[in-house]
Amino acid sequence: MKDIQPHGTVTDSATHYTFARLDQNEASLTGRIDYTLSTTLTLQLYAQPFISKGTYSNVRELADPRAAAFDDRYKPYSAPADGVNAKVFNSTAVLRWEYRPGSTLFVVWTQGRQLFLDAEGTRSMGGEFRDLFDLHPNNTFLVKASYWINW
């Protein structure tokens, strides 16, 4: 299935639906740490970096989508060499404090970093992971309090 990855739609005098072979490498990691500081105070950390790099080749155009033979469905298409380079990092930190039985305060910090390019680039996967932290972060802070009323 690597030979029929969607490559994009080109519109000039007609619309061309292009497909290509995609040689792709991906690396990801999901990590989570739960730490109990006391019976009423906990900290949870979550992190997920993701890198995907690939190069398109053998670009073809959809010619006859209902052709019985697979090779008859596509015809060669001239397109510039390109690729894909996606970098994503998501993280969350949650501090939970039960300040009285049944009443809790949550403080949450979520951060996301991402970059999508149309070229694979020359950096190694390790270099791409290091570049994740040079990207501009999108930060979200949340404070939630609950109070238990017992009468």
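To be clear, the structure that these remarks concern was listed above.
Thresholds applied
- Residues numbered from 1 in each chain as written.
- Predicted model: local features only at pLDDT ≥ 70, side-chain atom pairs only at ≥ 80, totals over all residues.
- Heavy atoms only, no water.
- Helix = DSSP H or I, 4+ residues; strand = E, 2+ residues; numbered from the N terminus.
- Rg over C-alpha atoms; globule rule 2.2 N^0.38 Å.
- Buried < 20%, exposed > 50% of the residue type's maximum accessible area, 1.4 Å probe, protein only.
- Areas by Shrake-Rupley, 256 points an atom, 1.4 Å probe, with all protein chains shown as cover.
- Lys, Arg positive; Asp, Glu negative; His and termini not counted.
- Charge placed at Lys NZ, Arg CZ, Asp CG, Glu CD.
- Salt bridge = Lys/Arg side-chain N within 4 Å of Asp/Glu carboxyl O.
- Phe/Tyr/Trp six-rings, centres within 6.5 Å; stacked < 30°, edge-to-face > 60°.
- Lys NZ or Arg CZ within 6 Å of the ring centre and 35° of its normal.
- Contact = heavy atoms within 4.5 Å.
- Pairing = 2+ DSSP bridges.
- Patch = residues over 30% accessible without salt bridge, like charges linked within 9 Å, V, L, I, M, F, W, Y side chains within 5 Å.

A. Highlighting the overall build of the chain. Looking only at helices and strands, one finds 1 helix and 8 strands in the chain. Put simply, the chain runs from its N terminus to its C terminus through helices and strands in the order β-β-β-β-β-β-β-α-β. Computed over its C-alpha atoms, the radius of gyration of the chain comes to 24 Å, more than 25% above the 15 Å expected for a compact globule of 151 residues. Principal-axis analysis of the C-alpha atoms places the extent of the chain at approximately 75 × 40 × 25 Å. Split into buried and exposed, the 151 residues of the chain put 26% on the buried side. With an accessible surface of roughly 10400 Å², the chain has 56% of that area assigned to carbon and sulfur atoms. Here the chain carries 15 positive and 16 negative side-chain charges, and the mean point of each set is 9 Å from the other.

B. Representation of the pattern of salt bridges within the structure. A full pass over the atoms with the stated rule returns 6 salt bridges. Among the salt bridges present, the one from Glu-128 reaches Lys-53, with a minimum N-O distance of 3.5 Å. Taken together, the positions of Glu-128 in helix 1 (residues 125–131) and Lys-53 in strand 4 (residues 41–62) put the pair 75 residues apart, joining distant regions of the chain. Each of the two residues, Glu-128 as well as Lys-53, counts as buried. Glu-128 is paired through a salt bridge with Lys-87; the nearest N and O atoms lie 2.8 Å apart.

C. Molecular detail of the packing of aromatic side chains. Counted by the stated rule, this structure contains 5 aromatic pairs. Between Trp-109 and Phe-141 the ring centres are 6.0 Å apart and the planes differ by 10 degrees, which places this aromatic pair in the stacked class. Placement of Trp-109 in strand 7 (residues 103–117) and of Phe-141 in strand 8 (residues 138–146) is noted, with a sequence separation of 32 residues between them. Owing to a relative accessible area of 39%, Trp-109 belongs among the partly exposed residues under this scheme. Joined through ring pairs, the aromatic side chains of Phe-19, Phe-70 and Tyr-74 make up one cluster. Just above the ring of Tyr-74 sits the side chain of Arg-60; from NZ or CZ to the centre is 4.9 Å.

D. Just the side chain of Asp-131, in detail. By the element assignment, Asp-131 lies in helix 1. Take Asp-131: its relative accessible area is 15%, and that puts it in the buried class. Setting aside residues up to four positions removed in sequence, Asp-131 forms contacts with Lys-87 and Arg-123.

E. Looking closely at the pairing of strand 1 (residues 5–11). Bridge count between strand 1 and strand 2 (residues 15–28): 6 bridges; the pairing is antiparallel. By the bridge assignment for strand 2, Thr-9 is matched with Tyr-17. Following strand 1, the chain reverses through 3 residues before pairing antiparallel with strand 2.

F. Structural context of a nonpolar patch on the surface. Taken together, Ile-33, Tyr-35, Leu-37, Leu-45, Leu-95, Val-107 and Val-143 make up a surface patch of nonpolar side chains, about 640 Å² in accessible area. By secondary structure assignment, the location of Ile-33 is in strand 3 (residues 31–36). Look at Ile-33 and you get exposed, because its relative accessible area is 53%.

G. Seen up close, the environment of Asn-90. Relative to the helices and strands, Asn-90 is located in strand 6 (residues 83–100). Residues within four places of Asn-90 in sequence aside, it is in contact with Tyr-46, Ala-47, Gln-48, Gln-111 and Gly-112.

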